[in-house]
Structures are given as C-alpha cells and as structure tokens.
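Letter by letter, the chains look like this.
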Amino acid sequence: IPVEDFDLVIFGGTGDLARRKILPGLYRRYRSGQMPEGARIIGAARQDQDSAVYRKLIGAAIKEFVPEKYRDSKSIAGFLELISYIVIDAQGAGGWSDLKKLTRKDVVKAFYFSVAPSLFGDLAERLHTYKIADSQSRIVVEKPFGRDLASAKALNAVLAEHFDESQIYRIDHYLGKETVQNLMAVRFGNILFEPLWNSQYVDHIQITAAETVAVGSRGAYYDKSGAMRDMVQNHLMQLLCLIAMEPPNEFEPDAVRDEKLKVIRALDPVNSSDIVRGRYEANKDGPSYLEESGNPDSSTESFIAMKVNISNWRWKGTPIYLRTGKRLRARTSEIAVVFKDPPHSIFGKQEGRRGNVLAIRLQPNEGMTLRVTIKEPGPGGMRLMEVPLDMSFADALGADAEDTPDAYERLIMDVIRGNQTLFMRGDEVEAAWAWTDPIINEWQERGDMPKSYDSGSSGPEDALMLLHKDGRRWREIK
Ligand code: BG6
C-alpha cells in the first residue's frame, strides 16, 4: 500500500540502530517502490558533517547490512538522493531553526528518537518551541522504554507534555515480525483454532526466544538490564499478549491494544520458585558473561525461564512458560501451543505419544507446524505416530525468506500511514513494568545470583526442572 509524502527526521541518525536497521530498511522499501517521490529523510546528530558525508555513511551501511541481491547502484543512488543531514544540539539551540526550514508544511512529519531516553524530553520540547512539529506529527521511540514503572511513567509524562498518545509510536520490533502478525491471522482468520484456544483444551504454552549471540560489546548496557528487562518485559510479553488475548472486535489499534492490556493485568505475580535465572560460562568460542559485562560483581541474568499464570476465564489452569537467553544452542524463536491429550484413547496405551502441538516459528525459517497423530504406514496393525503438518511461509508463498520485509521496514511504514496497531500504548508498557518490578525487586532484596550454564547449551539445568516438576518438558532448542 503506497504511503503519502513524508519528512522523516532521525535523531541519532549516525547511531547503530540507524545504520543497521532504520536506513537499510527504508532503502529496501524504496527499492520495492513503496517510497513516494516526495519522501525526504533527514539524519540529525551531533557530529559536524555535511549531507554528502552522511550519504556516504549511509551508502556504506546499506552495503554492510543489506544482502547483496537487493543492492543495485541505481536504487542506492536514488535512495541516497532523498537523504540530507543536519547537525543538531539536542540540549541546546544549535540546528533547530535550520531543521524548521528543512521540514515541509503539507506532508506527514515523523520524528524518530533513536537516542538515549534521557533526551526524549529535550527533543520533544524543542520540536514544539521551534514549531517544527504540529498536531499531526508522529514521534517514534525505541526500547528500553524505562527500566521500571517509575521511569516509564516519567517518560510517558515527558512525551505527553508535547504529544498526544495518538502521535506516539513506541516500537517493539517483535510486533513487526511477519509471523507475529500471522499469529493474529491464524487465530482470528480461521474457525479451526479458536474453539480450542482455552484451558479446557490447551495443556500449556511455551514461548522461547533463544539466541546464540553473546552480549558482546553491549556489556555495559546489558548489565544494567538483563534478560528480564531486555527481552521479557517487552518482546516476550507482547507475544504472550497476542497468543492469550480475547478476539478484538476489529483490527484497529485501540481494539487490539485494549485486549493486550487486559492480559497483562490478569497476570498473577510470579513465585520465585517458578523463575530460573542463568548466565553463560566461557567456552572456546567466547568469554563468559561475567567477563563480557566488565562487572565481576554482576548479578545480572543472560537467561531466564519462568512459569506464568493468567487469572482469567479462558486461561486459568494453563501455564505459560517463557524462556529466553543468550549464547544458547541455536537461534530460534517460537511459540508452541501444546494441546491436551484426547479424553480417551480407543487405541489403548500407546507409549511415547505426545499429542497435538501448534508451533509458530518466528525465526529462522518462519512458519507453522501442527503436530498430528496418524497411523504408522504399513501392515503392522494400528500403531500411531506423529507427523508435522508443516507450513513454511517461504515455501507457501514461493518467496525467498529474505523477501519478507524486516520488522523495522514494516513498522516505519506504519508510522507514515498513521497505523498504531503494532505499537505499544503507554498504559501497556506501564502495566508490563508493574508486573516485572516486584520480581526484579525481590531478586535485589534477596541478593539472588543467576545459575551458570554452558555456552551452546539450552540454559541451566534448573530450567529443565521447572517443567519436569510439572510433568512437562521444554521443546528442543534447534
Ligand atoms: C533486542 C534486544 O531488543 O532484541 C537484544 O535488546 C536482542 O538483546 C534482540 O538480541 C533480539 O532481536 P531478534 O529480532 O534478533 O530476535
């Protein structure tokens, strides 16, 4: 769907996110013809340089972060023409009048705050003082959106001084992933699943976001954050909401976000015995978490597994197990809905049968698998076996997996379209912190230390126990 002409100003335009994700994503939209002729992209940052130098930087970023088959010199040159650069002092007066002159009146104006949250207030205020933003403008902010309820509330308040909630786009890039949206299509576009989608038929749900990467050079940031703040409070919580929410009455931003909010508010407080924290040890491929964090006294977790209960009519009694970590065996993110066994087996006792599972793979190899029971082929009698009904999106759509737009491409275009469905509302973010705060506070009060786990493993042993003690087991990370 084409978008209107726009001015997109990226504060922090020379930063890592801009180079890795935002500008390469915009380039790909340009190349696929989605960028209108009247699109303008303005990088804004402290560095003293001109537009020509900035374009070179972005050209290099495209080369580094866009796969070769999507790069051609004509598109790159055309895209770079849309870009200019402005030196800006976020906390002073420098550059703001120039920015005012650069932005146009009758186009969509979006301001991407790809900067430290401590600057959000300064930017928001100056956009108003210099009359650059108007009541139609949009601002985009990134996680981390606060580090607890109090700081998230403070950020929301600072933004609310100058912008209405309908103008604020809080990014959680997991919501831009193709399969995450497909989750809603599958749930609410089919008659098949929804009648079974409750505690009567679902034994439990597993949500896994496993990474092979270490914290690497992000040690200083990560050590203040940990897996709970970095992944659970936002990405995993969003997945949990989408899998557990009631059907919204329409696919409209607030209808969807109202339902998500209800899920967060229905989460029970978590018992400390239902949480396992871990941190990775060194192996031949890399140093330990403690070394990388640069903090020998660190008590931060690089892995977390937890059991979550939702107290509402639909889900009471069906636990949701969450798990995420760095330096694990494989990079895989998936949601698995594990159904109960049929009430009675007419085939007698069949060892090893494991029942239906709907596994929704976010990455890699996006797709969906439904495990079903069939008869083992051949004359050996009525022996049952399980087979996957497999739908790989790449196969189904005949498209190369790389052709699916990256989360950022989709989300930025949604900002220009003015569609907030895939963005977090302020009250959602606050509710998620209100749920995580007591958990984190308790660790601090107790001086809780994460368990160590081997790099390249599935996490600490205790994480396996978390399910074993409930008579269940994790799906393999592969
Ligand atoms: C980010 C986290 O939000 O998500 C990172 O800060 C994490 O620590 C990343 O690696 C994971 O994103 P993806 O899209 O690779 O699953």
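You'll find the protein chain entered in an unreviewed UniProt entry as Glucose-6-phosphate 1-dehydrogenase, with Falsihalocynthiibacter arcticus given as the organism. Turning to the protein chain, the UniProt record has this under Function (unreviewed entry): "Catalyzes the oxidation of glucose 6-phosphate to 6-phosphogluconolactone." Taken directly from UniProt, the Catalytic activity (unreviewed entry) text for the protein chain runs: "D-glucose 6-phosphate + NADP(+) = 6-phospho-D-glucono-1,5-lactone + NADPH + H(+)".

Asker: Just checking my understanding: could you explain the overall build of the protein chain for this structure?
Answerer: Summing up its helical and strand segments, the protein chain has 15 helices and 15 strands in all. Taken over C-alpha atoms, the radius of gyration comes to 24 Å for the protein chain, in line with the 23 Å a tight globule of 478 residues would show. When the backbone C-alpha atoms are referred to their principal axes, the protein chain occupies close to 80 × 50 × 45 Å. When burial is assessed residue by residue, the protein chain has 54% of its 478 residues classed as buried. When contacts within the protein chain are restricted to residue pairs at least 6 apart in sequence, long-range pairs at least 24 apart make up 77% of them. As presented, the protein chain carries roughly 21,600 Å² of accessible surface, and 51% of it is formed by carbon and sulfur atoms. Side-chain charges of the protein chain comprise 64 positive and 69 negative groups, with the mean position of each set lying 2 Å from the other.

Asker: Even after reading the chapter, I still don't get the sheet that holds strand β4 (residues 108–113), so can you show me in this structure?
Answerer: Strands belonging to one sheet form pairs held by backbone hydrogen bonds; the direction of such a pair is parallel or antiparallel. With respect to topology, six strands assemble into an open sheet ordered β3-β2-β1-β4-β5-β6, the strand pairing being parallel. Two strands close off the open sheet at either side, each with one partner strand: β3 (83–87) and β6 (168–170). Within the sheet, the average angular offset between the axes of one strand and its neighbour, ignoring direction, is 20°. In terms of strand pairing, strand β2 (residues 39–45) meets β3 through five bridges, oriented parallel.

Asker: Mind showing me how you'd approach the sheet that holds strand β10 (residues 320–325) here?
Answerer: Overall, mixed pairing links the nine strands, which are arranged β14-β13-β12-β11-β7-β10-β9-β8-β15 in an open sheet. The open sheet is flanked by β14 (384–392) and β15 (451–453), the only strands paired with a single partner. Neighbour-to-neighbour, the strand axes of the sheet open up by a mean angle of 20°, direction not taken into account. Strand direction decides the pairing type here: strand β13 (residues 367–375) and β14, joined by nine bridges, are antiparallel. The residue of β14 that forms the bridge with Arg 371 is Pro 388. Along the sheet, helix α14 (residues 426–446) contacts β8 (275–280) and β9 (303–308); its crossing angle with β9, the most-contacted strand, is approximately 125°.

Calculation notes
Residue numbers here run from 1 along each chain, matching the order of that chain's written sequence. Selection of residues for local features in this predicted model requires a pLDDT of at least 70, selection of side-chain atom pairs for listing and counting requires 80 or more, and totals for whole chains, interfaces and linings are taken over all residues. Only hydrogens and water are set aside; all other atoms, that is, all heavy atoms of the structure, feed into the side-chain values. UniProt positions are given in the numbering used here, feature names are shortened, and annotations may be inferred rather than shown by experiment. What counts as a helix is a DSSP run of H or I of at least four residues, what counts as a strand is a run of E of at least two, and both are numbered from the N terminus. Here the globule rule reads 2.2 Å times residues to the power 0.38, and the radius of gyration is calculated from C-alpha atoms. For each residue, the accessible area found with a 1.4 Å probe, counting protein chains only, is set against the maximum for its type, and the residue is called buried under 20%, exposed over 50%, and partly exposed in between. We call two residues in contact when some of their heavy atoms are within 4.5 Å. All accessible-area figures derive from a Shrake-Rupley calculation using a 1.4 Å probe, and residue coverage is judged against the displayed protein chains alone. Under this rule, positive means Lys or Arg and negative means Asp or Glu; His and the chain ends count for nothing. The atom standing in for a charge is NZ when the residue is Lys, CZ when it is Arg, CG when it is Asp and CD when it is Glu. Pairing between strands requires that DSSP locate at least two bridges from one strand to the other. Axis definition: a line fitted to C-alpha atoms, over the contacting stretch in the case of helices. Angles run 0 to 180 degrees between N-to-C directions.

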